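One-letter residues, chain by chain:
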Amino acid sequence: MNQPGNRAHHPANTLPGDTSPLRLRTEHLPAATVLTATGDIDLLSTDMLSTALAEAIRQEPPLLIVDLTSTSFLSGAGILVLLAAQALTGDATRLLVVASSRATWRPLHLTGADQLLSVHGTLHDVLPEPHRQRKGSDSPGDATRSAVSTRGERGAPRGA
């Protein structure tokens with residue numbers, strides 16, 4: 001469905017009766033695609049994440065943002081899916097990961113994946129400029145604009 005501002009929303013990638021701990025939402029903006037993951041990214045849900053990322057990459061958006069702000073658990077298998085997605089992007093698409101919570105940023109940091117992926121602290125930091133300026137809208141940046149990291153850990157994601 002097209003929303004005002006040329007944004008297309010796709011609901012969570014779930015089937016009726018699905019009890020998966022992961023919900024995915026893809027939003028197509030003019031200059032970026034935002035894939036938002038809510039819930040747990042574990043061995044049982046990585047296939048769903050992998051499929052959604054592959055579909056987004058096939059469309060060759062200039063920017064693919066994986067928003068893990070609402071993700072409550074990120075397993076090693078999930079990190080491997082993110083690394084594989086980055087390998088698939090090639091020159092056509094730049095992959096950015098938003099991970100600001102201990103549940104997402106810490107596993108990326110401890111595994112060294114934050115050195116291989118472009119990891120940022122807020123969605124607002126990575127959205128193309130026209131989407132950052134919108135006030136009072138339902139743009140993805142609004143939900144995380146005020147999120148401030150207070151972890152104080154060395155090597156925190158950019159923008160945290």
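Since this is a predicted model, take the numbers as computed values, not measurements. (Residues numbered from 1 in each chain as written. Predicted model: local features only at pLDDT ≥ 70, side-chain atom pairs only at ≥ 80, totals over all residues. Heavy atoms only, no water.)

Participant: Help me understand the overall build of the protein, please; the structure alone is not making it clear to me.
Facilitator: Counting its regular elements, the protein contains seven helices and seven strands. Tracing the protein from N to C terminus, the helices and strands come up as β-β-β-β-α-β-α-β-α-α-β-α-α-α. When burial is assessed residue by residue, the protein has 46% of its 160 residues classed as buried. A separation of at least 24 residues holds for 61% of the contacts in the protein among residues at least 6 apart in sequence. Accessible surface computed for the protein: about 8100 Å², of which carbon and sulfur atoms make up 54%. (Helix = DSSP H or I, 4+ residues; strand = E, 2+ residues; numbered from the N terminus. Buried < 20%, exposed > 50% of the residue type's maximum accessible area, 1.4 Å probe, protein only. Contact = heavy atoms within 4.5 Å. Areas by Shrake-Rupley, 256 points an atom, 1.4 Å probe, with all protein chains shown as cover.)

Participant: Help me out: how do you make sense of the nonpolar core in this one?
Facilitator: Looking at soluble globular proteins, one finds that nonpolar side chains tend to be buried together. Ranked by internal contacts, the top residues of the largest apolar core, which has 27 residues, are Leu24, Leu49, Leu53, Leu68, Leu108 and Leu117. Listing elements by their share of this core, those giving two or more residues are strand S3 (22–28), strand S4 (33–41), helix H1 (46–58), strand S5 (63–74), helix H2 (76–89), strand S6 (94–98) and helix H3 (102–111). Here this core gets six residues from one element, more than from any other, and that element is H1. Those residues in contact with Leu68, other than ones at most four positions away along the chain, are Ala37, Ile41, Leu74, Leu82, Val97, Val98, Ala99 and Thr104. (Core = buried A, V, L, I, M, F, W, Y, C linked by side-chain atoms within 4.5 Å.)

Participant: Honestly, the pairing of S4 in this entry has me stumped. Any pointers?
Facilitator: Buried residues dominate S4, accounting for seven of its nine residues. As judged from the seven bridges shared by S3 and S4, these two strands associate in the antiparallel manner. Along S4, the bridge assignment pairs Thr26 with Leu35. Hairpin connection of S3 to S4: four residues between the antiparallel strands. Across eight bridges, the pairing between S4 and S5 is parallel. Each bridged residue has a counterpart across the sheet, and for Thr38 the counterpart in S5 is Ser70. The handedness of the S4 to S5 crossover, carried by H1, is right-handed. (Pairing = 2+ DSSP bridges. Right-handed = clockwise from strand over helix to strand, strands pointing away.)

Participant: Honestly, the environment of Leu82 in this entry has me stumped. Any pointers?
Facilitator: Here Leu82 lies in helix H2. Leu82 gets classed as buried once you look at its relative accessible area, which sits at 0%. Along the chain, Leu82 and Leu117 lie 35 residues apart, while their C-alpha atoms are 8.2 Å from each other. Those residues in contact with Leu82 that sit more than four places away from it in its chain are Leu53, Val66, Leu68, Leu95, Leu108 and Leu117.

Participant: Would you explain H2 in this entry?
Facilitator: Each α-helix winds once per 3.6 residues, and so residues spaced three or four apart point in a common direction. The terminal C-alpha atoms of H2 lie 20 Å apart, and with 14 residues this matches the ideal 20 Å at 1.5 Å per residue to within 8%. Count one or two residues on from H2 and you reach Gly90, which has phi positive near 60 degrees. (Expected span 1.5 Å × (residues − 1).)

Participant: Sorry if this is basic, but what is going on with the pattern of salt bridges here?
Facilitator: Charged atoms that come close allow side chains of opposite charge to pair. If you walk through the whole model with that rule in mind, you get one salt bridge. The shortest N-O distance in the salt bridge between Arg25 and Glu27 comes to 3.7 Å. (Salt bridge = Lys/Arg side-chain N within 4 Å of Asp/Glu carboxyl O.)

Participant: Help me understand the confidence of the model for the protein in this model?
Facilitator: The predicted coordinates should not be examined in detail at positions where pLDDT is low. Of all residues in the protein, 68% have pLDDT values of 70 or greater, and the mean over the chain is 78. Counting interchain partners and residues more than four positions distant, the pLDDT-below-50 stretch residues 1–17 has 36 contacts. Per-residue pLDDT stays below 50 along residues 133–155; that stretch engages in 40 contacts with residues further than four places along the chain or on separate chains. (pLDDT = per-residue confidence, 0-100.)

Participant: Is there a simple way to think about H1 in this case?
Facilitator: Here H1 is 13 residues long and its end C-alpha atoms lie 18 Å apart, about the 18 Å a rise of 1.5 Å per residue gives. Turning to H1, the residues buried within the fold contact S3, S4, S5 and H2. Where H1 terminates, the next one or two residues include Glu60, which has phi positive at roughly 50 degrees.

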